[in-house]
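A structural walkthrough
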Amino acid sequence: MSKHILIVDDDHEIAHLVSISLNNEGFTTTKAVNGIEALERMSKHSFDLIVLDVMMPEMNGLEFCQKVRQTHDIPILMMSAKSEDMDKITGIMTGADDYVIKPFNILELVVRVKALLRRAYYYRGAPKEEGMLELGHLKIDKKRYKATVDEAEIKLTSKEFEILYLLASNTGQVFDSETIFRQVWQEKYYDSNNTVMVHISNLRDKLEKVLGYKVIQTVWGVGYKIE
C-alpha cells in the first residue's frame, strides 16, 4: 500500500514540486498551506510522514510540530531557508526527525523521505523472534517500535527509539556521538553536528518524566550509555 505523505508549505510552487516528485516515486500526497490546515487534514486522514516548512502564516512549522508531537510519533522532515545551527537545533527539539535547507536538491529530499520511512517503519514489520528488551519497568519492543512503562507507551520519534534501542541493546557500552549518528542516521558525521546531543536530551527528558530516574548516563568527554 502506498505511503501517504502530508506536505505543509505556503509556497505553492515548492509544495507542487515536492508533491509531483513524491508521486513519481509511488507515494500518495496531500498538501496544506499552514499548520492549522494541516491539523484539519490530520483529523480526517492518516499519514505516514510529514514534509514541513518552518516559515508559514497563521501557524508556523515549529508550532505545528509541537502540537503533532503531543499525540503522534509520525516522522517529520522539516524544510527551512534558515541554515544556522540553532535553527536546526530548534527544529529538532520541537520534534522534527530530519532537516533540509532551502534551496534543496529535490532528489536529496526524496532520498531523505525514503530513508525516514525505512527507519520509522522497519521495526514495525520486524519478525517476531527479534523480541523485546526489558530494563526494569521499561520495555522496548523492537518489532512494534514501541517503548512502554507499565503498559503505558512513551511517545518517541523514530530516531529517539533507535537511539534508545541501540544503547539498551549494549548495556554498559559507551557510544560517542559520531558512532550513534552513523548507526542511527547512516550518514556522514560532522564535528559541529549537535543532532545527537539534542535527541539524547529529548529522549532523556521523556524517559525520566515517566520513570522518575535517569536511564541514559553521560560519560563526560566520551559519550552515552545505559547500565
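We now turn to the structure provided with this report. Computed from a prediction, not measured in an experiment: that's the story for all the values here. (Residues numbered from 1 in each chain as written. Predicted model: local features only at pLDDT ≥ 70, side-chain atom pairs only at ≥ 80, totals over all residues. Heavy atoms only, no water.)

Quick look at the pairing of strand E4 (residues 76-80)
Most of E4 sits out of view: 5 of its 5 residues are buried. Here E4 shows no split at all, with Ile76, Met78 and Ser80 on one side and Leu77 and Met79 on the other all buried. Two elements, strand E3 (residues 49-53) and E4, share 4 bridges in a ladder whose sense is parallel. Opposite Asp53, over in E4, you have Met79 as the bridge partner. Running through helix H3 (residues 61-69), the crossover from E3 to the neighbouring parallel element E4 is right-handed. Note: E4 against strand E5 (residues 98-101), 4 bridges, orientation parallel. Bridge assignment links Leu77 to a residue of E5, and that residue is Asp98. (Buried < 20%, exposed > 50% of the residue type's maximum accessible area, 1.4 Å probe, protein only. Helix = DSSP H or I, 4+ residues; strand = E, 2+ residues; numbered from the N terminus. Pairing = 2+ DSSP bridges. Right-handed = clockwise from strand over helix to strand, strands pointing away.)

Some remarks on the environment of Gln70
Within the secondary structure, Gln70 is located in the loop between H3 and E4. Classification of Gln70 by relative accessible area gives exposed; the value is 61%. In the structure, Gln70 is positioned 137 residues away from Leu207 in sequence and 15 Å away in space, judged by C-alpha atoms.

As for the pattern of salt bridges
The tally for this structure, following the rule as stated, stands at 11 salt bridges. Glu25 serves as the salt-bridge partner of Lys114, at 2.7 Å between the closest nitrogen and oxygen. Here Lys114 is found in helix H5 (residues 106-122), whereas its partner Glu25 is found in the loop between helix H1 (12-24) and strand E2 (28-32), with 89 residues between them in sequence. Of the residues examined, Lys114 reaches a relative accessible area of 34% and is grouped as partly exposed. A relative accessible area of 40% places Glu25 in the partly exposed class. Between Arg112 and Asp98 there is a salt bridge; the shortest N-O distance is 2.9 Å. Placement of Arg112 in helix H5 and of Asp98 in strand E5 is noted, with a sequence separation of 14 residues between them. (Salt bridge = Lys/Arg side-chain N within 4 Å of Asp/Glu carboxyl O.)

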